[in-house]
Amino acid sequence: MEQTLSTFINEFTAALAKSAPIFIKKLIFLAILWITYRPVQRFIMKAFNKFLSLYY
């Protein structure tokens, strides 16, 4: 039982260490998207409204 638990813990930590950089990169990407969402949305809406005002 102890050896099985020890093996599980060792395999779990190895898998966690292997996937941690990928997870961190995804978190950083998500943070960048979250920070830039509102300014990009405002820019697109202003450009779209300006485009529509030219034709209507």
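The preceding data block contains the structure.
Small disclaimer: the values here were computed from a predicted structure and weren't measured.

### A short note on the overall build of the chain
Thought 1: Summing up its helical and strand segments, the chain has one helix and zero strands in all.
Thought 2: Here the C-alpha radius of gyration of the chain, 24 Å, is well above what a compact globule of 56 residues would show, namely 10 Å.
Thought 3: On the principal axes, the C-alpha backbone points of the chain span a range of 75 × 15 × 10 Å.
Thought 4: Surface summary for the chain: the accessible area is close to 5900 Å², and the carbon and sulfur share equals 74%.

### Describing the environment of Thr-13
Thought 1: Considering the arrangement of structural elements, one finds Thr-13 in helix H1 (residues 2-55).
Thought 2: A relative accessible area of 42% places Thr-13 in the partly exposed class.
Thought 3: Along the backbone, Thr-13 and Trp-34 are 21 residues apart, and their C-alpha atoms lie at a distance of 30 Å.

### Points about H1
Thought 1: Relative to the 80 Å expected for 54 residues at 1.5 Å per residue, H1 spans 75 Å between its end C-alpha atoms, a close match to the ideal helical length.
Thought 2: The largest bend along H1 reaches roughly 45° and is located at Tyr-37, with the proline Pro-39 sitting one to four residues downstream.

### Some words on the packing of aromatic side chains
The relative placement of two aromatic rings is captured by the distance of their centres and the angle of their planes.
Thought 1: Tallied over the entire structure, the rule returns one aromatic pair.
Thought 2: A centroid spacing of 6.1 Å and a plane angle of 20° characterise the contact between Phe-8 and Phe-12, whose relative ring orientation is stacked. Taken together, the residues span about one helical turn, with Phe-8 and Phe-12 both in helix H1 at a distance of four residues.

### What about the environment of Gln-3?
Thought 1: Residue placement: Gln-3 occurs in helix H1.
Thought 2: It is 68 Å that separates the C-alpha atoms of Gln-3 and Phe-51, two residues lying 48 residues apart in sequence.

### What to know about a positive patch on the surface
Thought 1: On the surface, Arg-38, Arg-42, Lys-46 and Lys-50 cluster together into a positively charged patch.
Thought 2: Within the fold, Arg-42 resides in helix H1.
Thought 3: Judged by its relative accessible area of 51%, Arg-42 falls in the exposed class.

Each value, and the rule that gives it
Residues numbered from 1 in each chain as written. Predicted model: local features only at pLDDT ≥ 70, side-chain atom pairs only at ≥ 80, totals over all residues. Heavy atoms only, no water. Helix = DSSP H or I, 4+ residues; strand = E, 2+ residues; numbered from the N terminus. Rg over C-alpha atoms; globule rule 2.2 N^0.38 Å. Areas by Shrake-Rupley, 256 points an atom, 1.4 Å probe, with all protein chains shown as cover. Buried < 20%, exposed > 50% of the residue type's maximum accessible area, 1.4 Å probe, protein only. Expected span 1.5 Å × (residues − 1). Bend = angle between axes of the 7 residues up to and from the residue. Phe/Tyr/Trp six-rings, centres within 6.5 Å; stacked < 30°, edge-to-face > 60°. Patch = residues over 30% accessible without salt bridge, like charges linked within 9 Å, V, L, I, M, F, W, Y side chains within 5 Å. Salt bridge = Lys/Arg side-chain N within 4 Å of Asp/Glu carboxyl O. Lys, Arg positive; Asp, Glu negative; His and termini not counted. Charge placed at Lys NZ, Arg CZ, Asp CG, Glu CD.

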